[in-house]
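Structure at a glance
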Amino acid sequence: MKLEKEGHEKSRRTHERSEKKSTHSSKDRGKDAELNGKHRHSSKKRPSDPGERQQESAVSSSGVKHEAGEADMDVDATADPDERTRHDGPQKSSPAGHNHTLKIRSKSCKERLNHKEKKDLNHEDGNLKKERNKDSNQGDGEEKKKMKKKRVKEEEQEKNQQSAKKRKKQSPEHDKAEKKVKKEGDAGEEQKKRERGKKEDKKDEESDKWKWWEESKSSDSQKWSRLEHNGPYFAPEYDPLPASVPFYYDGQLLKLSPATEEIATFYAKMLDHEYTSKEAFQNNFFTDWREEMTSEERKQIKTLSKCDFSHMHKHFLEKSEERKNMTKEEKQVLKEESSRLVEEYGFCVLDGHREKIGNFKLEPPGLFRGRGEHPKMGKLKKRIQPEHVAINCSQDAKIPEAPAGHRWKRVQHDNTVTWLASWLENIHGRPKYIMLNPSSKLKGEKDWQKYETARQLKVCVNAIRKQYKRDWTSREMKSRQRGVAIYFIDKLALRAGNEKDEESADTVGCCSLRVEHISLHRRLDGLEHVVEFDFLGKDSIRYYNKVPVEKQVFKNLKLFIKHKDPEDDLFDRITTVNLNKALNECMPGLTAKVFRTFNASTTLQDQLNKLTAEDMTVEEKILSYNRANRAVAILCNHQRAAPKTFEKSMQLLQEKIQKKKEQIEEAKRELKAAKKAHRDAPSDRCRKLVEKKEKLVQRLCEQLKKLQLQETDREENKVIALGTSKLNYLDPRITVAWCKKHNVPIEKIYNKTQRDKFTWAIHMTDESFQF
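Here is what the cut-offs are and how they apply
Residues numbered from 1 in each chain as written. Predicted model: local features only at pLDDT ≥ 70, side-chain atom pairs only at ≥ 80, totals over all residues. Heavy atoms only, no water. Pairing = 2+ DSSP bridges. Helix = DSSP H or I, 4+ residues; strand = E, 2+ residues; numbered from the N terminus. Axes fitted to C-alpha atoms, helices over the stretch in contact; angles between N-to-C directions. Parallel < 35°, antiparallel > 145°, perpendicular 65-115°, else oblique. Contact = heavy atoms within 4.5 Å. Nonpolar A, V, L, I, M, F, W, Y, C, P; charged D, E, K, R; others polar. Core = buried A, V, L, I, M, F, W, Y, C linked by side-chain atoms within 4.5 Å. Buried < 20%, exposed > 50% of the residue type's maximum accessible area, 1.4 Å probe, protein only. Expected span 1.5 Å × (residues − 1). Arc of directions from axis to C-beta. Salt bridge = Lys/Arg side-chain N within 4 Å of Asp/Glu carboxyl O. Phe/Tyr/Trp six-rings, centres within 6.5 Å; stacked < 30°, edge-to-face > 60°. Left-handed = near helix turned anticlockwise from the far one by under 90°.

**Some thoughts on the sheet that holds strand β15 (residues 542-548)**
- In space, the three strands of this open sheet follow the order β13-β14-β15, with antiparallel pairing throughout. The open sheet has two free edges, formed respectively by β13 (518-524) and β15, since each of these has just one partner strand. Geometrically, the sheet is characterised by an average inter-axis angle of 15 degrees between neighbouring strands, direction not taken into account.
- Across seven bridges, the pairing between strand β14 (residues 527-536) and β15 is antiparallel.

Here it is, written out as C-alpha cells:
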C-alpha cells in the first residue's frame, strides 16, 4: 500500500510538471504567433475526433470572457480521463499526446487573438467616447468663460454707474468740469474736422481754378470768345405796409397809394439819419415824391414838415429787431435762399470756364445820398425794369429770359466789352454795368496790364521829369502850366481831375484846381517856397497838405494866379485830355493815373526794403508792412473817419496790456523765489521749476510785445485807409515777394477776397521780384 501511494504521488508530480511545460510552451507559441502575423493559421490543424471538436467549440464560446490561462485550464478539465492518464505517463513524445497539445495551443492562440481584437475595438470606442466627452467639456468650458466675462463686465459697469452717481451727489462742480472738458474735446475734434474740410475744399478750389495767366493772351480788342449768363436779379416788388401802420398828414389819417407809400418808406427808414436833417436832402426828396403822387395826394400833401413818418419808422425798427432775434433755423432758411440766388445768377460761363459775377443784383429803388454836400442828395432812385436793361452775350449762347410780362431793352453780342448787362441810372443819366468779379480773368488781366505799364514808366520816368522841368521855363504859358501840373501829379500823386457839371459835387483834381485851393508862402515852418493845398478830392475827401516846391515852380504859380479871382481855374490853358495826350507821346499807354500807380508801388517797395530786418518777429514785420502801406496811403490821401468803436476797442486793448504787465510782474516774483529755493537746496526738481518759470516770463513778455504792437498799429491807422491803396494802387507782386522772402504768411496781409483777386500774382511771383 505504501508503495502504491508513493507511485501515485510520483505520477501526480510528473503530470503537474508536464502540464506546466505545456502551458509555458503554448504561451511562447502565442507570442510568436502575434509577432509573425498569420503564422497562427498555418500551424492550426482541424481536429479529427468529435470529442476534440466539442472541446474546441466549448473553448471558443467562452473566449471573450476569460484570459488565456483560464482557457487552458478549462480545456484540461474537460479532457478525457484516458488522455489525462497518458499525459501522466512517461511517454512525452507520443504522437497522440503531441497532437493534442498542438490542438490546445492552437485553440488558446485563436482565443487570445479574438480577445485582443475585441479589446482593441473596445479601446478605440473608448477613445472616441473620451474625445467626444473632451469636446463637449471644452465647449462647456468656453461657454462658462464667456458667461463669466459677461458677469464681470456687468459688475464693472454697475460699479462705474454707482461711483458716477456718488460723484454727482458729492461734487457737482467736478461733474461740470468733466462735462466742460468733454465739450472742449468735442469742440476741438469739430474744429479739426472743419480745418481738414477747409484744407480739402482749398485743394479742390485750387485744382479747379482757371490758371489763365499760364495761357497765351488774347488780342486787346477781343475780350472773350463765348459768354453765357442768366441776366441780372431784379429787386422784389414792393410789399405794402400792414393796415396797423398809419400815415398822418397835418394830424389827419391819410391812406397812400402803393407807389406813394413805397417812396414814403424810403424817407421813414432814414428818419434818424443825419441826411434827413439837411435842407437839400429834404427839398430833393419832397420834389421827387410829389411827382410820383396821384393828383388827389398832391392836392392834400403840400408841405413835408406836416408829414408824420414816425409810425412807419417805428415799424421798420421793430422789423430790424425781429431780424436780429431770428432763430438759427430761420437764419438758415435765408442763407439757403441767398445761396440759391448766387448759384442761379452769380456765375457765368466765359470761354468754357465758370466765372463769378461781381454785382448780379440790380440796385433797389431808394433815395440818393452822395458823398459830402452833394447837390442831388435826397433825389429818388427809381426802380429798374427789364425794359431799361441791355443784355450782352455771345451769339451762340442762350439769351437770358426776362421776367414774366417784360422784355429786354436790347440784346447785343459785343465781345470787345467786358460788361454783361447795362442800363442808365436816373440821377446823373450815366450808364451802369454788371461786370465780372475782381477774381475773374478779365479783371485780372486788366490789373496785370496796369501794373506792367507802371513798371515800364520806371524806365523812362527820368526823361519825362527832365522834359517837364524844361517846360517850366518855356515861353508858352500852356507848356509851363502842363509842366507844373505833371510835376504835381508826379510829386504829390494828385489825380488829374475832370471837368464837372454844376449838379455834381464840388470835387477837384490837379487840372481842375482853382486859385482859392492854394496858398503860396515864401517861408513857412522853416521851409522855403511852400505851397499850401486845401480842397475836396474824390468822394469829397479833404486834401490838405503843405509842400515845399522847386523855386521855378513857385515863381510859375505866382504867375498863374496873377490877375485872377479865387473862383478862376489855376491851370486855365490845359485840360485832362491835353495832359494825357502829351504823356502818351512820351510813352505809349501813359496817363496821369499811371503816375499815381507808379509812385504808390515805388514808395511801398522802398519802404519795405528800408523798414524790414531779418531778425524781426512776424508781428514786427507785419507792423513794418503796415507802416510802408501807410506811407502810400498818406501820399495818395486815402483818409477815413475814425471808426465809431475806436475808443472802446482801444480801451479794451489797453486793459489787456495792463493785465499782461501784472501777470509778468507776478511771474518774475515766482521766478525769483524759485531761483532762491534752488540756491538754498539744489535739486533737479528746483532746476526744472526755474526753467519753467523762465519760459513763462519769456512767453508773457512776447505776448505783451504783440499787444503793444497792435496798439501802435491801431493808433497810427486811426484815420488812414490802408485798403484802398492795397487793392488799387500797389502791385501785388511786391507784397507776395516780400512775404515769401521774409516768411510771412500771405494770409496775414491779404484776406480771402484779396487773395482771390490777386491769385495770378501769388502763383507767378517768387521772392526775387522787385518793382
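Having seen the structure, we can now continue with the description.
**A word on the packing of helix α18 (residues 618-635) against helix α20 (residues 684-716)**
- Across the interface, α18 lies against α20 with an axial gap of 10 Å and an inter-helix angle of 5 degrees. Classified by the interaxial angle, the pair formed by α18 and α20 is roughly parallel. Where α18 approaches α20, its residues Glu619, Glu620, Leu623, Asn626, Arg627 and Arg630 are matched on the opposing element by Lys705, Lys706, Leu709, Thr712, Asp713 and Glu716.
- The class makeup of the residues in the contact of α18 with α20 is two nonpolar, two polar and eight charged.

**Some words on the nonpolar core**
- In terms of nonpolar packing, the biggest core is built from 90 residues, with Val389, Leu457, Phe488, Phe533, Leu557 and Phe571 touching the most fellow members.
- With eight residues, the single largest contributor to this core is helix α13 (residues 441-471).
- Residues within four places of Phe488 in sequence aside, it is in contact with Ala493, Leu494, Cys510, Phe533, Val549, Val553, Leu557 and Phe571.
- Counting 27 residues, the second-largest nonpolar core is a separate cluster that includes Phe247, Ile263, Ala264 and Phe266.

**Focus on the environment of Lys466**
- Mapped onto the fold, Lys466 is located in helix α13.
- Measuring from C-alpha to C-alpha, the distance between Lys466 and Gly483 comes to 10.0 Å, with 17 residues separating the pair along the chain.

**Here we look at helix α17 (residues 592-611)**
- Taking 1.5 Å per residue as the helical rise, α17 with its 20 residues ought to reach 28 Å, and the 29 Å between its terminal C-alpha atoms agrees with that figure.
- Those residues of α17 lying buried are Ala592, Val594, Phe595, Arg596, Thr597, Phe598, Asn599, Ala600, Ser601, Leu604, Gln605 and Leu608.
- Where α17 is buried, its residues meet α13, α14 (477-492), α16 (576-586), α18 and α22 (732-741).

**Some remarks on the side chain of His315**
- Position of His315 among the secondary structure elements: in helix α11 (residues 310-324).
- Exposure remark for His315: the relative accessible area of 13% places this residue in the buried category.
- If we ignore the near neighbours within four places in the chain, the residues touching His315 are Leu241, Pro242 and Val245.

**Side note on helix α15 (residues 551-561)**
- Buried within α15 we find Val553, Phe554, Asn556, Leu557 and Phe560. The arc that holds every buried residue of α15, seen down its axis, measures 165 degrees, which confines them to one face.
- Tucked into the core, α15 has its buried residues touching α14, β13 and β14.
- Following α15 by one or two positions, His563 adopts a phi angle in the positive range, close to 65 degrees.

**Section: the pattern of salt bridges**
- All told, the structure shown has 32 salt bridges when counted by the stated rule.
- A salt bridge links Glu262 to Arg383, with the nearest nitrogen and oxygen atoms 2.7 Å apart. Highlighted residues: Glu262 in helix α8 (residues 258-269) and Arg383 in the loop between β8 (380-381) and β9 (390-392), separated in sequence by 121 residues.
- Residue class for Glu262 comes out buried when judged on its relative accessible area of 14%.
- Where Lys278 meets Glu373, a salt bridge forms, and the shortest distance between an N and an O atom there is 3.5 Å. Of this pair, Lys278 sits in the loop between α8 and α9 (279-292) while Glu373 is found in the loop between β7 (366-367) and β8, placing the two residues 95 residues apart along the sequence.

**Description of the packing of aromatic side chains**
- Enumeration over the complete set of coordinates arrives at 27 aromatic pairs.
- Centre to centre, the rings of Tyr267 and Phe281 are 6.4 Å apart; their planes meet at 35 degrees, and the pair counts as tilted. Residue Tyr267 is located in helix α8, and its partner Phe281 is located in helix α9; the two are separated by 14 residues in the primary sequence.
- Measuring from ring centre to ring centre gives 5.9 Å for Phe560 and Phe571, while their planes differ by 65 degrees; the resulting arrangement is edge-to-face.

**Description of the pairing of strand β5 (residues 347-350)**
- Only one face of β5 is covered, namely the one carrying Cys348 and Leu350; the face carrying Phe347 and Val349 has none of its residues buried.
- Two elements, strand β1 (residues 227-228) and β5, share two bridges in a ladder whose sense is antiparallel. Bridge pairing links Glu228 to Val349 in β5.
- Two strands pair when backbone bridges link them, and β5 and strand β6 (residues 353-356) are joined in this way by four bridges, in the antiparallel orientation. Bridge pairing in β6 places Leu350 opposite His353.
- Between β5 and the antiparallel strand that follows it, β6, lie two residues; Asp351 among them carries a positive phi value of about 55 degrees.

**Thoughts on unusual backbone geometry**
- Of note, Asp539 is a non-glycine position whose phi angle comes to about 60 degrees, a positive value.
- The residue Asp539 is located in the loop between β14 and β15 in this model.
- By relative accessible area, which is 36% here, Asp539 ends up partly exposed.
- Backbone geometry places Ser540, a non-glycine residue, at a positive phi of 60 degrees.
- Structurally, Ser540 can be placed in the loop between β14 and β15.

**Overview of the sheet that holds β1**
- Pairing within the open sheet is antiparallel, and its three strands lie in the order β1-β5-β6. Because the sheet does not close on itself, it has two edges, and the strands there are β1 and β6.

**Points about the packing of α8 against α9**
- The interhelical angle for the contact between α8 and α9, taken along N-to-C directions, is 165 degrees, at an axis separation of 9 Å. Between α8 and α9, the crossing angle belongs to the class labelled roughly antiparallel. For α8 against α9, the interelement crossing comes out right-handed. Together, Thr260, Ile263, Ala264 and Tyr267 of α8 and Phe281, Gln282, Phe285, Trp289 and Glu292 of α9 make up the contact between the two elements.
- The residue inventory of the contact of α8 with α9, partitioned by class, reads six nonpolar, two polar and one charged.

The values reported here are purely geometric and, on their own, carry no functional implication.
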